[in-house]
Amino acid sequence: MSTIIPIGPFHPVLEEPEYIQLYVNGETVESADIDLGRIHRGMELLAQEKTYDQDVFLIERICGICSASHSWAGSLAMEDIVGVKPPDRARYLRTIVHELERLHSHMLWVGLGGHILGYWTVFMWGWKYREPILDALEMITGNRQHYAWYKAGGVRRDVADEIWPEVLKIIDEFAGHVDMLTGAILDDPVIQGRLKGVGILTKEDAIHYGTLGPTARGSGFDIDVRRDEDYGAYDEVDWNVIVQPDGDCLAVAVVRLLEMKESCKIIKQCIDKLPGGPIATEIREFPRGEGVGHVEAPRGESFHYIRSNGTNMPERHKMRAPTFTNIPSFRPRVKGESISDAVLIFAIIDPCYSCTERMAVLDPSGKPFMTGKDLIKLSHEKTEKLRRES
Amino acid sequence: MGATSWGFKKSLWVFHLNAGACNNCDIEVLDCLTPRFDIERFGMKLVGSVKHADVLLVSGFVSRKVLPQLIETYEQAPKPLAVVAIGSCGCTGGIFRDGYNFAGPVDKHIPVDAYVPGCPPRPEALIDGIVKLMGKL
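Residues numbered from 1 in each chain as written. Chains lettered and ligands numbered in written order. Predicted model: local features only at pLDDT ≥ 70, side-chain atom pairs only at ≥ 80, totals over all residues.

A. Seen up close, the overall build of chain A. Looking only at helices and strands, chain A features 16 helices and eight strands. For 390 residues, the compact-globule formula gives about 21 Å, and the C-alpha radius of gyration of chain A, at 22 Å, lands near that figure. Dimensions of chain A, computed from the C-alpha atoms along their principal axes, are close to 70 × 65 × 35 Å. Taken across its 390 residues, chain A has 48% of its residues classed as buried. For chain A, the share of sequence-separated contacts (at least 6 apart) that also reach a separation of at least 24 residues comes to 70%. (Helix = DSSP H or I, 4+ residues; strand = E, 2+ residues; numbered from the N terminus. Rg over C-alpha atoms; globule rule 2.2 N^0.38 Å. Buried ≥ 20, exposed ≤ 12 C-beta atoms within 10 Å, placed from the backbone. Contact = placed C-beta atoms within 7 Å.)

Right, dumping it as structure tokens:
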């Protein structure tokens with residue numbers, strides 16, 4: 001006999017309105033359910049009602065933290081339709097901003113992880129050290145978040161060379177803070193006790209559930225779009241994909257901490273090698289066709305598909321953010337753990353619901369509007385109808 | 001001194017409700033608590049329940065699924081309660097105004113005392129908004 005514990009939708013530990021149900025027996029969690037959809041904004045339909053230039057501003061607002069990832073993936077898809085490549089300088093500038101975004105996103109997660117564990121110092125440190133990164137982003141793009149900087153073909157504004165020494169100084173200081181935090185977190189026996197061996201996701205499950213990003217890499221599943229796909233300047237700089245085999249919460253935390261060091265390396269090399277020249281390739285019109293863009297967002301692969309019908313608006317714009325495939329991995333992780341670890345395990349994938357929201361249509365009686373069987377029946381009826389008509 | 005102004009005389013406690021934001025406003029609200037801005041030195045803090053709060057911060061366009069919960073939260077709150085709509089979405093609906101899941105901006109459903117526009121508003125803007133709100137109360 002299991003008891004149901006509701007968490008949310010407006011709960012102090014959740015930033016976003018989500019409803020989680022834990023099925024518990026005593027202290028042990030048996031299963032979990034999650035109810036999404038409160039932040040669904042109809043993004044895909046809105047994108048089809050705007051022009052390509054306006055679309056970049058819209059898809060940037062899918063998520064506040066991965067706004068560079070989404071706008072880059074969307075721009076890549078648009079460039080794929082036209083068949084142009086951005087100039088070298090644009091590739092490097094895009095890479096720098098994207099890695100800065102990864103730094104602030106991972107640091108934000110470290111802070112929230114500390115908040116959930118009850119380490120307020122880690123929360124305050126993490127967010128304090130994150131601020132200079134936002135300053136660097138403001139220096140480069142003009143805004144702390146929602147940069148409005150990417151566009152199909154390149155970037156919108158050029159950057160003056162005078163700011164790079166300041167950015168390099170910020171990165172150097174940040175790398176020192178990351179070292180300090182990594183040491184403090186990994187040497188603390190209490191944090192080790194809370195994270196090690198908790199919420200294990202095996203490699204088989206990681207592949208089976210289709211997890212992406214640090215969640216997958218923490219389970220020994222070696223997947224990283226930056227290395228596997230040709231985009232940005234990642235193949236021209238020296239960096240490593242961080243993989244940890246254990247699959248517990250500690251492994252994912254270590255992946256994120258070490259990834260920040262790699263991002264610092266990438267940014268420094270990109271600033272050193274930054275070529276001159278134009279910042280954007282001009283795109284006159286979008287021909288008929290389809291394009292795909294994917295980039296490694298801080299949480300995993302973010303994927304955009306655009307189909308063009310030759311007008312200035314996309315005919316179909318499909319988006320998929322990494323949290324969408326990472327959320328189901330919560331279930332195998334949380335099974336058999338105690339309630340006190342459940343929220344921590346849920347936060348370990350760094351969930352971002354605003355990326356994930358989908359819409360389900362419900363009958364007022366609460367039953368599903370259409371089940372799989374109903375859809376198959378409809379399909380059969382249509383075939384029958386066509387058969388009769390022919 | 002009326003009952004309302006007496007209720008707001010001390011430090012304001014804030015409950016933050018995300019009614020469909022993209023996270024950015026929420027992060028900037030949290031940013032206000034962290035060392036660089038640190039509004040806790042004024043005794044302002046985020047609380048876990050609206051029943052403890054003097055101010056309800058609403059971020060995000062209001063989606064149809066959140067709407068009943070937004071109204072319920074407002075009704076549960078002890079009055080006097082100041083409502084602040086933050087972000088372009090909270091003020092007008094912003095870029096999502098034409099979406100099918102948009103249930104109207106915050107002030108269509110509950111009375112709003114202060115607006116902090118911006119996408120996202122900077123932490124300084126948020127603090128400025130709250131200070132102006134305190135002056136108004």
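B. Up close: the overall build of chain B. Scanning chain B from N- to C-terminus turns up six helices and five strands. Shown N-terminal to C-terminal, the secondary structure of chain B runs as helices and strands in the order α-β-α-β-β-α-β-α-α-β-α. Over its C-alpha atoms chain B spans a radius of gyration of 14 Å, differing by no more than 12% from the 14 Å that the globule rule assigns to 137 residues. Counting only C-alpha atoms and orienting by the principal axes, one finds that chain B spans roughly 45 × 35 × 25 Å. Looking at chain B residue by residue over its 137 residues, the buried ones come to 47%. Taking the contacts inside chain B whose residues are at least 6 apart along the sequence as the reference set, 81% of them involve residues at least 24 apart.

C. Molecular detail of the interface of chain B and chain A. Listed per partner, the contact involves 28 residues of chain B and 32 residues of chain A. Here the side of chain B that touches chain A takes four residues from helix H2 (residues 24-31) of chain B, the largest share from any one element. Partitioning the side of chain B that touches chain A into residue classes produces 11 nonpolar, 11 polar and six charged. (Nonpolar A, V, L, I, M, F, W, Y, C, P; charged D, E, K, R; others polar.)

D. Spatial organisation of the environment of Asn312(A). Residue and element names in this part refer to chain A. Tracing the sequence through the fold places Asn312 in the loop between strand S7 (300-309) and strand S8 (314-320). Residues Asn312 and Phe286 lie 26 residues apart in sequence; the distance between their C-alpha atoms is 6.7 Å. Those residues in contact with Asn312 that sit more than four places away from it in its chain are Thr51, Tyr52 and Phe286.

E. Looking closely at the packing of helix H4 (residues 88-117) of chain A against helix H11 (residues 249-273) of chain A. Residues and elements named next belong to chain A. Close contact between H4 and H11 brings their axes to 9 Å; oriented N to C, the two are set at 155 degrees. Classified by the angle their axes make, H4 and H11 are roughly antiparallel. Here the hand of the crossing between H4 and H11 comes out left-handed. Residues Tyr92, Thr95, Ile96, Glu99, Leu100, Arg102, Leu103, His106, Met107, Trp109, Val110 and Gly113 of H4 pack against Ala253, Arg256, Glu259, Met260, Ser263, Ile266, Ile267, Cys270, Ile271 and Lys273 of H11. In the contact of H4 with H11, the residues fall into 13 nonpolar, four polar and five charged. (Axes fitted to C-alpha atoms, helices over the stretch in contact; angles between N-to-C directions. Parallel < 35°, antiparallel > 145°, perpendicular 65-115°, else oblique. Left-handed = near helix turned anticlockwise from the far one by under 90°.)

F. Structural context of helix H6 (residues 123-136) of chain B. Residues and elements named next belong to chain B. For H6, with 14 residues, the first-to-last C-alpha span of 20 Å sits near the 20 Å given by 1.5 Å per residue. When H6 is considered as a whole, its buried residues turn out to be Pro123, Leu126, Gly129 and Ile130. One side of H6 carries all its buried residues, which in axial view fall inside an arc of 120 degrees. Across from the buried face of H6, at angles greater than 90 degrees, the exposed residues are Glu124, Val131, Lys132, Gly135 and Lys136. Close packing links the buried residues of H6 with H2, strand S4 (82-86) and strand S5 (114-116). (Expected span 1.5 Å × (residues − 1). Arc of directions from axis to C-beta.)

G. Looking closely at helix H6 (residues 164-187) of chain A. Between its first and last C-alpha atoms H6(A) spans 34 Å; for 24 residues at 1.5 Å apiece the expected length is 34 Å, and the two agree. What H6(A) keeps buried is the set Val167(A), Ile170(A), Ile171(A), Phe174(A), Val178(A), Leu181(A) and Ile185(A).

H. Here's a closer look at unusual backbone geometry. Geometrically, the link from Lys79(B) to Pro80(B) is a cis peptide bond, its omega value of 10 degrees lying close to zero. Tracing the chain through its elements places Pro80(B) in the loop between helix H3 (67-76) and S4. Omega for the peptide link from Cys119(B) to Pro120(B) comes to -10 degrees, which places this bond in the cis form. Despite not being glycine, Ala148(A) shows a phi value in the positive range, around 50 degrees. Relative to the helices and strands, Ala148(A) resides in the loop between helix H5 (120-141) and strand S4 (150-151). Phi is positive for Asp38(B), close to 50 degrees, though the residue is something other than glycine. The residue Asp38(B) is located in the loop between H2 and strand S2 (45-46) in this model.

I. Here's a closer look at the packing of helix H3 (residues 67-82) of chain A against H4(A). Residue and element names in this part refer to chain A. Interhelical geometry of H3 versus H4 gives an angle of 145 degrees and a closest axis separation of 8 Å. Only Arg94, Val97, His98 and Glu101 of H4 make contact with H3, whose side of the interface consists of Ala68, Ser69 and Trp72. Residues that form the contact of H3 with H4 fall into these classes: three nonpolar, two polar and two charged.

J. Representation of the sheet that holds strand S6 (residues 288-297) of chain A in the model. Residues and elements named next belong to chain A. Pairing in this open sheet of three strands is antiparallel, and the strands run S6-S7-S8 from one edge to the other. One side of each edge strand has no neighbouring strand; the edge strands of this open sheet are S6 and S8. Between one strand axis and the next, the sheet turns by 10 degrees as a mean value, whatever way the strands run. Sheet contacts for H3: S6 and S7; angle to S6, the most-contacted strand, approximately 150 degrees. (Pairing = 2+ DSSP bridges.)

K. Seen up close, the sheet that holds strand S3 (residues 28-35) of chain A. Residues and elements named next belong to chain A. One open sheet accounts for three strands, arranged S1-S2-S3; its pairing is antiparallel. Edge positions in the open sheet fall to strand S1 (3-7) and S3, since each of these has one partner strand only. Pairwise comparison of adjacent strand axes, ignoring direction, gives a mean angle of 25 degrees for this sheet. When S1 meets strand S2 (residues 19-25), the two strands line up antiparallel, connected through five bridges. Paired with Ile7 across the two strands is Ile20, which belongs to S2. Each of S1, S2 and S3 is contacted by helix H14 (residues 339-347), which is oriented at about 145 degrees to S2, the strand it contacts most.

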